[in-house]
Amino acid sequence: MDVLALFIAITFTFLALLHFYWAIFGIKNPEALVPAKGANQKVKTPGKLAAAFVGLILLGFAFVFLNKVILYFDFPWLHHVSIGIGVVFIIRALGDFKHVGFFKTSKNSRFSALDTRYYSPLCLLLGILILLLELSF
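To keep things clear, this report deals only with the structure shown in the data block. (Residues numbered from 1 in each chain as written. Predicted model: local features only at pLDDT ≥ 70, side-chain atom pairs only at ≥ 80, totals over all residues. Heavy atoms only, no water.)

**Some points on the environment of Gly86**
So the rule is basically this: Starting at the N terminus, helices and strands are each numbered in turn, a helix being any DSSP run of H or I of at least four residues and a strand any DSSP run of E of at least two. Buried, partly exposed and exposed residues are distinguished by accessible area as a fraction of the type maximum, computed with a 1.4 Å probe on protein chains only: under 20%, between the cut-offs, and over 50%, respectively. In what follows, residue pairs with any heavy atoms lying within 4.5 Å of each other are defined as contacts.
Here Gly86 shows up in helix H4 (residues 78-94). Residue Gly86 is classed as buried on the basis of its relative accessible area of 0%. For the pair Gly86 and Leu132, spaced 46 residues apart in sequence, the C-alpha separation works out to 9.3 Å. With residues near it in sequence (within four places) discarded, Gly86 still touches Gly127 and Ile130.

This is how it looks when you write it as structure tokens:
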């Protein structure tokens, strides 16, 4: 199970580093990374502060799972936080939202195609792996 926790921590660290990169250098192709209302509509990119904030949250998620491998801080609430993270990622992947998830209603933008192909499966995989890690005895 240590390998699974390490894999999850590395994945969250990579995603955090991507967001920090976007916060520092900006998003080069926002149509692929930010939901749009339609195929030909201009995408409003989030600011650098928002990208850095999401990066910090993802880095916090990485530390939660890195704690299971290296740090071993024994906080009783970390188990519940981990389960909550897994549930949030599964809901993001399977939820009936407008722009994200497998059952999204907006399906005619570049982001929605990439979300169906890459982002939602990654969220579902992370959510399932987190729950497997936390609920295995």
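Here the narrative resumes, following the displayed structure.
**Some thoughts on helix H3 (residues 48-71)**
The condition is simple: At any given residue, the bend is defined as the angle formed between two axes, one fitted to the seven residues that end at that position and one fitted to the seven that begin there.
Maximum bend of H3: about 40°, positioned at Phe65. Every buried residue belonging to H3 is among Ala51, Gly55, Leu58, Ala62, Val64, Phe65, Asn67 and Val69, and all of these are buried. Just past H3, the residue Tyr72 takes up positive phi, approximately 60°.

**Some words on the side chain of Ser120**
Mapped onto the secondary structure, Ser120 falls in helix H5 (residues 110-135). If sequence neighbours within four positions are ignored, Ser120 has contacts with Arg92, Ala93, Gly101, Phe102 and Asp115.

**Things to note about the pattern of salt bridges**
What counts is decided by this rule: The rule for a salt bridge is simple: a side-chain nitrogen of Lys or Arg has to be within 4 Å of a carboxyl oxygen of Asp or Glu.
According to the stated counting rule, one finds 3 salt bridges in the structure shown. A salt bridge links Asp115 to Arg92; its shortest N-O distance comes to 2.7 Å. Of this pair, Asp115 sits in helix H5 while Arg92 sits in helix H4, and the two are 23 residues apart along the sequence. Taking the relative accessible area as the measure of exposure, Asp115 reaches 0% and is therefore buried. Across the pair Asp115 and Lys104 runs a salt bridge, and its minimum N-O distance is 3.0 Å. Of this pair, Asp115 sits in helix H5 while Lys104 sits in the loop between H4 and H5, and the two are 11 residues apart along the sequence.

**Observations concerning the environment of Leu33**
If you trace the backbone, Leu33 turns up in helix H2 (residues 30-33). With relative accessibility at 29%, the residue Leu33 sits in the partly exposed group. The sequence separation of Leu33 and Tyr119 amounts to 86 residues, and the corresponding C-alpha distance is 9.6 Å. Those residues in contact with Leu33 that sit more than four places away from it in its chain are Trp22, Ile27, Phe111 and Tyr119.

**Describing a nonpolar patch on the surface**
Condition: The patches reported here contain residues having more than 30% relative accessible area and no salt bridge. Joining distances are 9 Å for like charges and 5 Å for nonpolar side chains (Val, Leu, Ile, Met, Phe, Trp, Tyr). Residue-level accessible areas treat just the shown protein chains as cover; the underlying method is Shrake-Rupley with a 1.4 Å probe.
A grouping of Phe63, Ile70, Leu71, Phe73, Phe75, Trp77 and Val81 is seen on the molecular surface, where their side chains present a nonpolar patch of about 700 Å² in accessible area. A per-element tally of the nonpolar patch places H3 first, with 3 residues. The residue Val81 is located in helix H4 in this model. Residue class for Val81 comes out partly exposed when judged on its relative accessible area of 31%.

**Brief notes about the packing of aromatic side chains**
Convention followed: Side-chain rings of Phe, Tyr and Trp (the six-membered ring for Trp) are treated as a pair once their centres are within 6.5 Å; stacked means planes under 30 degrees apart, edge-to-face means over 60, and tilted covers the remaining angles.
Tallying each qualifying case throughout the model produces 7 aromatic pairs. Between Phe12 and Phe65 the ring centres are 6.0 Å apart and the planes differ by 20°, which places this aromatic pair in the stacked class. Of the two residues, Phe12 sits in helix H1 (residues 2-25) while Phe65 sits in helix H3, which places them 53 residues apart along the sequence. Among the residues examined, Phe12 registers a relative accessible area of 0% and is labelled buried.

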